[in-house]
Amino acid sequence: MSSFEIESLLHENRRFAPPAGFGEGAWIKSLEHYRELCARAEADPEGFWADLARSELHWFTPWQQVLDWQEPTARWFVGGKLNLSYNCLDRHLQMRGDKVAVLWEGEPGEVRALSYRELHAEVCRFANALKGLGVGKGDVVAIYMPLVPEAAVAMLGCARIGAPHTVVFGGFSSDALRDRLIDARARVVVTADGGWRKGAIIPLKPRVDEAVAQAPGVAHVICLKRAGQQVAMEPERDHWWHELVASQSAECPAEAMDSEDLLFILYTSGTTGKPKGVVHTTGGYNLYTHITSKWIFDLHDEDTYWCTADVGWITGHSYVVYGPLSNGATTFMFEGAPNQPDPGRFWQLIEKHRIGIFYTAPTAIRTFIKWGDDWPARCDLSSLRLLGTVGEPINPEAWMWYYRVIGQERCPIVDTWWQTETGGIMITPLPGATTTKPGSATMPFPGIVADVVDREGNSCPPNQGGYLVVRRPWPSMLRTVYRDPERYRQNYWSQIPHAYFAGDGARRDEEGYFWVMGRVDDVINVSGHRLGTMEIESALVSHPAVAEAAVVGRPDELKGEAIVAFVTVESEVEMTPQLLDELRAHVVKEIGALARPEEIRYAEALPKTRSGKIMRRLLRSLASGSDLTGDTSTLEDRSVLEKLREG
Ligand code: ATP
Ligand code: MG
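Looking up the protein chain in an unreviewed UniProt entry gives the name Acetyl-coenzyme A synthetase, with the organism given as Gloeobacter morelensis MG652769. Check the Sequence similarities (unreviewed entry) section of the UniProt entry for the protein chain; it says "Belongs to the ATP-dependent AMP-binding enzyme family." In its Catalytic activity (unreviewed entry) section, UniProt records this for the protein chain: "acetate + ATP + CoA = acetyl-CoA + AMP + diphosphate".

Now the structure itself:
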């Protein structure tokens, strides 16, 4: 075995210190402060988390043991009792009862603001309604909704009575919904008559009807009136939300949950294969999403914070709903698409609602770049003070655009690496402390012991790529894969000895900064050199004509694998043979001859998951001319594949 697993070719030298003065008002004030926290966590990991759990959360009953770790099973705050919805609502009522908790805008433009007091009442009514249907502790509730305040109400209502939820993204088909209902053994589905997306109404209830017809475990469907659609209502089974909650009391005591009680099941995005039902529990998840929200987004009482994720993804769970509300923040939700009615919508929303903190995904940023600088330029973005990104590695050029055009060189960017499985952000800058480098998620959150290792688990030397792992359990780590403990052990705890294997490749530079290089599954082996996808893609994207790029390997007799690149170009650019040559030469100039693509294919669009991640495994099949096998249930748009196949 070679001493390194993935070769690194790209070297990014730009760096950005925290803006002057940012640290003074921030929770984490400086690099020294960050290092102090890391040192404290290193010296006494359990004490570190226990102190935070005591000072940041409300517990009904204290725990007896901070951590019970029997690899691969972790139990945090053993014996402790708390309730996540209590921590998100009740404890803020006295100090912040009239403060806006959820600020929402629908795609057609209507605005709603729910104060903490109002949200608390809504959640209690909904929780009582669930109880009225016989839902109790341990009964799984599926939530299949548009991005409306009631989605958060439903989640918090479940958490309040100890009914685990499984949120299914409203864009998924009835088949994808059915599979999740069956796998999760859901008893109730919460949905709406429809939701707005791209100027049209998504027919949610009809899809629920189809799915439930094949999921006999579902006894009740609760339907919110949102889009004024005519829908079929099955007597006994189906209930209108407004009718159900109308008679309910606005008081519902929060159930004292065991710290390790099941909080939710959430299926991964399916970028690399069949989605996994990730299990999260109560205490550790509450603590970790709380403290990461506070320190990474530097939440203060006067902030309006916007994470653009749907609640159907882990980002929506941790950083739209639970983390911000646990901190008593104002969290903004937008139901619709970023180009509805025009590509300026997000920037108009930031101006209108005076958004201070904005957290989105690289796929969105690449789309904004494509739409052009004029749209943001027309809006007043001066309220922004902090930007974030999550979901995929961000190409340095996209990072620079975000920094320059959206942040106006004033806002620090937090590039946050994490997964559905990790529950919360693991590697990230802290905005008042960390000097950032475009394309690097920088350093682990205090208390997180991340490393880059070879297959035996030895740390790789600086700048040599390897496997990204976490060496010590952390509070919000997944507890298992739902009803599949073997898959849990196999996937995460058996690849590298005594470490959590994330499935991503990374390198660490001489200053300890982490650079995620792409999925380990996507590594390309060219003449014995193992190359990650991120660096080659970033080299392509750094050419002004290229909007997005995805590279994959195709079997090659001579080299083992040859690099095939799929690229989309900026709106005004036309793909020509000259441009193809130019792009090849550009990659060679940027990162070297080894990375020269054998073939570059023009793509109108790239195949992505519904959460916007490039699905390279499908492109790999296309490039090698083999059949498309494997799970495509989370693919966003099938026609993209058809077009690529024809093209
Ligand atoms: P599946 O596990 O089903 O293949 P998925 O990995 O896309 O799907 P998620 O949990 O939504 O499911 O995504 C986590 C992954 O997203 C990470 O493992 C990593 O590959 C990528 N990722 C997220 N944030 C970042 C980031 N800031 N930098 C680089 N990669 C990131
Ligand atoms: Mg994954």
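S.K.: Residue-level account of the UniProt feature "binding site: ATP" (unreviewed entry) in the protein chain, with values.
M.R.: What UniProt calls "binding site: ATP" (unreviewed entry) maps, in this numbering, to Gly 391, Glu 392, Pro 393, Asp 415, Thr 416, Trp 417, Trp 418, Gln 419, Thr 420, Asp 504, Arg 519 and Arg 530. Look at the named residues: they lie 140 residues apart in sequence, and the longest C-alpha span between them is 26.7 Å, so in the fold they stay spread out. Within the secondary structure layout, Arg 519 lies in strand S25 (residues 514-519). Classification of Arg 519 as partly exposed rests on a relative accessible area of 22%. Arg 519 has contacts with Thr 271, Thr 272, Gly 503, Asp 504, Gly 505 and Lys 613, leaving out every residue within four places of it along the chain. Looking at the secondary structure, you find Arg 530 in strand S27 (residues 529-531). With a relative accessible area of 25%, Arg 530 lands in the partly exposed category. Sequence-distant contacts of Arg 530, that is, excluding residues within four places in its chain, are made with Glu 5, Ile 6, Glu 7, Tyr 467, Val 523, Ile 524 and Asn 525.

S.K.: So what's going on with the confidence of the model for the protein chain? Which residues, and what values?
M.R.: Confidence in the prediction of the protein chain, expressed as mean pLDDT, is 96, and 99% of residues score 70 or more. Scored as a complex, the prediction yields pTM 0.97 and ipTM 0.99.

S.K.: Describe the side chain of His 586, with residues and values.
M.R.: Here His 586 shows up in helix H19 (residues 577-591). A polar contact of 3.4 Å, which involves the side chain of His 586, links it to the backbone nitrogen of His 543. In this view, His 586 contacts Ala 539, Ser 542 and His 543; residues no more than four positions away in its chain are not counted.

S.K.: An account of the pairing of strand S5 (residues 111-115) is needed here, citing residue identities and associated values.
M.R.: Sheet topology places strand S4 (residues 100-105) next to S5; five bridges connect them, and they run antiparallel. In the strand pairing of S5, Trp 104 is matched with Arg 112. The antiparallel hairpin formed by S4 and S5 contains five residues in its connecting segment, where Gly 109 sits at a positive phi of about 115°.

S.K.: Run through the sheet that holds strand S18 (residues 357-360), naming residues and quoting values.
M.R.: On the basis of which strands lie adjacent, the open sheet formed by seven strands has the order S5-S4-S17-S16-S18-S19-S20 and mixed pairing. Where the open sheet ends on each side, the last strands, each with one partner, are S5 and strand S20 (413-415). The average angle at which neighbouring strand axes cross in this sheet is 20°, direction not considered. Across four bridges, the pairing between S18 and strand S19 (residues 386-389) is parallel. Bridge pairing in S19 places Ile 357 opposite Leu 386. Its contacts with the sheet place helix H7 (residues 149-161) against S4, S5 and strand S17 (330-334), and it is angled at close to 30° to S5. Helix H16 (residues 396-406) contacts S18, S19 and S20 of the sheet and is inclined by roughly 155° relative to S19.

Calculation rules
For every chain, the first residue of its written sequence is number 1, and the numbers climb from 1 along that sequence. As they are written, the chains are lettered A onward and the ligands numbered 1 onward, keeping that order. pLDDT decides what is reported in this predicted model: residues at 70 or higher carry local features, side-chain atom pairs at 80 or more are listed and counted, and totals for whole chains, interfaces and linings draw on all residues regardless. Note that water and hydrogens are dropped before the side-chain values are worked out from all heavy atoms of the structure. UniProt positions are given in the numbering used here, feature names are shortened, and annotations may be inferred rather than shown by experiment. Numbering goes from the N terminus for both helices and strands, where a helix is a DSSP run of H or I of at least four residues and a strand is a run of E of at least two. Three exposure classes are used, based on accessible area relative to the maximum for each residue type with a 1.4 Å probe and protein chains only: buried under 20%, partly exposed in between, and exposed over 50%. Whether two residues are in contact is decided by their heavy atoms: any pair within 4.5 Å suffices. Values of pLDDT, which run from 0 to 100, indicate the predictor's confidence residue by residue. In protein, a polar contact means a hydrogen-donor-capable atom and an acceptor-capable atom, both N or O and within 3.5 Å, with residues adjacent in sequence counting only if both atoms are side-chain atoms; elsewhere, any N or O pair within 3.5 Å suffices. At least two bridges found by DSSP between two strands are what make those strands a pair. Inter-axis angles, ranging from 0 to 180 degrees, are taken between N-to-C directions of lines fitted to C-alpha atoms, where helices are fitted over the stretch in contact.

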